[in-house]
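Chain by chain, the residues run as shown.
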Amino acid sequence: MTPTIRSLAAAILLAGLAAPALAQAPAAMAPATTPAPAGKPAPAAKPALVDINSASPDQLDALPGIGAARAAAIVKGRPYRGKDELLSKKILPSNVYDGIKDKVIAHQKS
């Protein structure tokens with residue numbers, strides 16, 4: 001074998017050995033993404049609270065466990081100093097209040 005053929009054969013052999021490593025390089029160089037933390041859902045937008053002192057009967061009726069009769073009772077018992085008065089005035093039973101207490105607020109007129 002002549003020196004030129006040996007050099008060419010060596011170059012081909014080296015190129016063949018280097019090819020698998022080069023084929024994997026772009027994947028290793030891909031930008032890293034930060035995975036979402038496990039167990040933590042993305043924060044959702046907070047829904048607007050329903051003001052028991054100014055909401056319409058239809059808005060109150062849309063709350064879980066509140067029907068037309070309870071909505072009318074809430075309107076009749078206005079004004080409320082705090083949402084807990086729905087319990088103390090016996091407007092709602094505790095199981096219904098527990099279901100809506102995070103969805104309502106009692107704003108005061110200024």
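Residues numbered from 1 in each chain as written. Predicted model: local features only at pLDDT ≥ 70, side-chain atom pairs only at ≥ 80, totals over all residues. Heavy atoms only, no water.

In the annotation of an unreviewed UniProt entry, the protein chain is listed under the name Helix-hairpin-helix domain-containing protein and assigned to Methylobacterium oryzihabitans.

Caption draft 1: Fine view of the nonpolar core. Residues Ile 52, Leu 60, Ile 66, Ile 74, Leu 86 and Leu 92 are the most contacted members of the largest nonpolar core, which totals 17 residues. For this core, the secondary structure elements donating two or more residues are helix H3 (68–76) and helix H5 (94–100). The leading source of residues in this core is H5, at three residues. Here Ile 66 is in contact with Leu 60, Asp 61, Ala 71, Ile 74, Leu 92, Val 96 and Ile 100, once residues within four sequence places are set aside. (Core = buried A, V, L, I, M, F, W, Y, C linked by side-chain atoms within 4.5 Å. Buried < 20%, exposed > 50% of the residue type's maximum accessible area, 1.4 Å probe, protein only. Helix = DSSP H or I, 4+ residues; strand = E, 2+ residues; numbered from the N terminus. Contact = heavy atoms within 4.5 Å.)

Caption draft 2: Seen up close, the pattern of salt bridges. Applying the stated rule across the entire model yields three salt bridges. Of the charged contacts in the structure, one is a salt bridge between Lys 89 and Glu 85, with a shortest N-O distance of 3.8 Å. Under the relative-accessibility criterion, Glu 85 is labelled buried at 8%. If you follow the salt bridges from partner to partner, you end up with Arg 81, Glu 85 and Lys 89 in one network. (Salt bridge = Lys/Arg side-chain N within 4 Å of Asp/Glu carboxyl O.)

Caption draft 3: How the structure looks around the side chain of Glu 85. Turning to its location among the elements, Glu 85 is positioned in helix H4 (residues 85–88). In contact with Glu 85, other than residues within four places in its own chain, are Pro 79, Tyr 80, Lys 90 and Ile 91.

Caption draft 4: Region of interest: the side chain of Asn 53. By secondary structure assignment, the location of Asn 53 is in the loop between strand E1 (50–51) and helix H2 (57–61). Sequence-distant contacts of Asn 53, that is, excluding residues within four places in its chain, are made with Arg 78, Pro 79, Tyr 80, Ala 106, His 107 and Gln 108.

Caption draft 5: Fine view of the environment of Asp 102. For Asp 102, the position within the fold is in the loop between H5 and strand E2 (104–105). In this structure the C-alpha to C-alpha distance between Asp 102 and Val 50, which are 52 residues apart in sequence, comes to 9.6 Å.

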